[in-house]
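Survey of secondary and tertiary structure
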Amino acid sequence: MSATAEATNIAAPRSGRIDPKYTRGKGKSGNFEMLAWLFMRLSGVLLVVLIFVHLFSNLMVGEGINGIDFGLVAGKWASPIWQIWDLAMLWLAMLHGTNGVRTIIDDYTESDKVRFWLKIVLYAASTAIIVLGTLVIFTFEPCMVDSTGQLLDRSPSFCFDQAAFN
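Residues numbered from 1 in each chain as written. Predicted model: local features only at pLDDT ≥ 70, side-chain atom pairs only at ≥ 80, totals over all residues. Heavy atoms only, no water.

**Remarks on helix α5 (residues 112-139)**
Spanning 28 residues, α5 covers 40 Å between terminal C-alpha atoms, matching the ideal 40 Å at 1.5 Å per step. Taken together, the buried positions of α5 are R115, K119, L122, S126, I130, G133, T134 and I137. Where the residues of α5 are buried, they touch α4 (80-108). Looking at where α5 begins, the residue whose side-chain oxygen comes 3.3 Å from the main-chain nitrogen of K113 is S111. (Helix = DSSP H or I, 4+ residues; strand = E, 2+ residues; numbered from the N terminus. Expected span 1.5 Å × (residues − 1). Buried < 20%, exposed > 50% of the residue type's maximum accessible area, 1.4 Å probe, protein only. Contact = heavy atoms within 4.5 Å. Polar contact = N/O pair within 3.5 Å; in protein donor to acceptor, adjacent residues only side chain to side chain.)

**Overview of the packing of aromatic side chains**
For the structure on display, the rule yields three aromatic pairs. A ring pair is formed by F116 and W117, whose centres lie 5.1 Å apart and whose planes are at 80°; its orientation type is edge-to-face. According to the relative accessible area criterion, W117 is exposed, its value standing at 51%. (Phe/Tyr/Trp six-rings, centres within 6.5 Å; stacked < 30°, edge-to-face > 60°.)

**Structural notes on the nonpolar core**
Within the largest apolar cluster, six residues are counted, these being W77, L87, L90, M94, I130 and I137. Those elements that place two or more of their residues in this core are α4 and α5. Examining the composition of this core, we find that three residues originate from one element, α4, more than from any other. The contacts of L90, once residues within four sequence positions are left out, are I129, I130, G133, T134 and I137. (Core = buried A, V, L, I, M, F, W, Y, C linked by side-chain atoms within 4.5 Å.)

**Section: the side chain of R102**
Structurally, R102 can be placed in helix α4. Accessibility expressed as a relative area gives 5% for R102, which makes it buried. Only 3.0 Å separates the side chain of R102 from the side chain of E33, close enough to count as a polar contact. When near neighbours in sequence (up to four residues on either side) are disregarded, R102 contacts F32, E33, A36, K119, L122 and Y123.

**Remarks on the pattern of salt bridges**
Under the defined criterion, the tally for this structure stands at four salt bridges. With its nearest N and O atoms 3.2 Å apart, the salt bridge here joins R102 to D106. Here the residue R102 and the residue D106 both occupy positions in helix α4, the gap between them amounting to four residues, near one helical turn. A single burial state applies to R102 and to D106, both of which are buried. Across the salt bridge formed by D106 and K119, the nearest N and O atoms sit 2.7 Å from each other. Of this pair, D106 sits in helix α4 while K119 sits in helix α5, and the two are 13 residues apart along the sequence. Residue class for D106 comes out buried when judged on its relative accessible area of 13%. Overlapping salt bridges, with partners in common, bring together E33, R102, D106 and K119 in one network. (Salt bridge = Lys/Arg side-chain N within 4 Å of Asp/Glu carboxyl O.)

**Details of α4**
Here α4 is 29 residues long and its end C-alpha atoms lie 42 Å apart, about the 42 Å a rise of 1.5 Å per residue gives. If you check which residues of α4 are buried, you get Q83, D86, L87, M89, L90, L92, M94, T98, N99, R102, I105 and D106.

**Some thoughts on the confidence of the model for the protein chain**
Model confidence for the protein chain is summarised by a mean pLDDT of 83, while 77% of its residues fall at 70 or above. Per-element averaging of pLDDT across the protein chain places helix α1 (residues 3-7) at the bottom with 56 and α5 at the top with 96. (pLDDT = per-residue confidence, 0-100.)

Rendered as structure tokens:
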């Protein structure tokens, strides 16, 4: 074997001889990463279905884009089915996006300290949006009343229909 052949000896792929600067250590995250990868694929498919049904019901049924207003949202959220539908979209979209950004942070930050703080900010923002969005969906009250309890004129029409029955 010549000196040139020995100098160009490169480790075979997957030989286990990886320069330590290219690894972040082996450990418990292997199974988590596989589950995160699987979640991204499954949630992506489910989100496509959820979003297209959402768009179809808002844009193609009824008055189309001209019919999208406060009353439409209030009417939809009066049904538990649409509340759950929108909740599933919110949760899946936020978790899917958070997982994607987490992967980007892991891939592109070199400092462990910076990586830690970026993930803290990411998780805090995601948690806040999920909690606030969930509260809005389940505590939404479309029938606006004044201080005396009378319905305001800007309330959706179905509020006046309900007031007639009370």
